[in-house]
Amino acid sequence: MKSVTTVENRKELRRSLILRFFALAAAACISVLVLAGCGGQPGETKAEVSRRHDRVMRLNGEMMMSDLDKALMLDRPSRLTDKRLP
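Residues numbered from 1 in each chain as written. Predicted model: local features only at pLDDT ≥ 70, side-chain atom pairs only at ≥ 80, totals over all residues. Heavy atoms only, no water.

### Some points on the overall build of the protein chain
What the protein chain contains, in helices and strands, is 2 helices and 0 strands. Expressed as a percentage of the 86 residues in the protein chain, the buried residues total 0%. Put simply, the protein chain shows about 8800 Å² of open surface, and 64% of that area lies on carbon and sulfur atoms. (Helix = DSSP H or I, 4+ residues; strand = E, 2+ residues; numbered from the N terminus. Buried < 20%, exposed > 50% of the residue type's maximum accessible area, 1.4 Å probe, protein only. Areas by Shrake-Rupley, 256 points an atom, 1.4 Å probe, with all protein chains shown as cover.)

In structure tokens, the structure reads:
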């Protein structure tokens, strides 16, 4: 039985299959890299994870307040008087 597709169509079909394969391989690599980053430290206890998360949230809050103080110009002392305040 003879093939009913032309040589040009076979080349396009092969090219599209190769592109699909590379797209699938790239998606698999990216998903593995992303999922591997969320695994945490090996041997890290639940308490250590909790302390690390608490520390990150505390530092983020401190940095946000520092940025707001700078934006509202509340971070510098007033220069309206020459006397030191206790």
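Resuming the write-up.
### Quick notes on the pattern of salt bridges
Per the stated rule, a full pass over the model turns up 2 salt bridges. Here Arg52 and Glu44 are joined by a salt bridge, their closest N and O atoms 3.1 Å apart. Classification of Arg52 by relative accessible area gives partly exposed; the value is 37%. The class for Glu44 is partly exposed, based on a relative accessible area of 22%. (Salt bridge = Lys/Arg side-chain N within 4 Å of Asp/Glu carboxyl O.)

### Digging into a nonpolar patch on the surface
Together, Ile18, Phe21 and Phe22 line one region of the surface with nonpolar side chains, adding up to about 340 Å² of accessible area. Looking at where Ile18 falls in the secondary structure, it is placed in helix α1 (residues 7–37). (Patch = residues over 30% accessible without salt bridge, like charges linked within 9 Å, V, L, I, M, F, W, Y side chains within 5 Å.)

### Here we look at helix α2 (residues 46–71)
The end-to-end C-alpha distance of α2 is 38 Å, a good match for the 38 Å that 26 residues give at a rise of 1.5 Å each. At the C-terminal side of α2, Met73 shows a positive phi close to 55°. (Expected span 1.5 Å × (residues − 1).)

### What about the environment of Met65?
In this structure, Met65 sits in helix α2. We classify Met65 as partly exposed; its relative accessible area is 44%. Sequence separation between Met65 and Asp75 is 10 residues, and the spatial gap between their C-alpha atoms is 10.0 Å.

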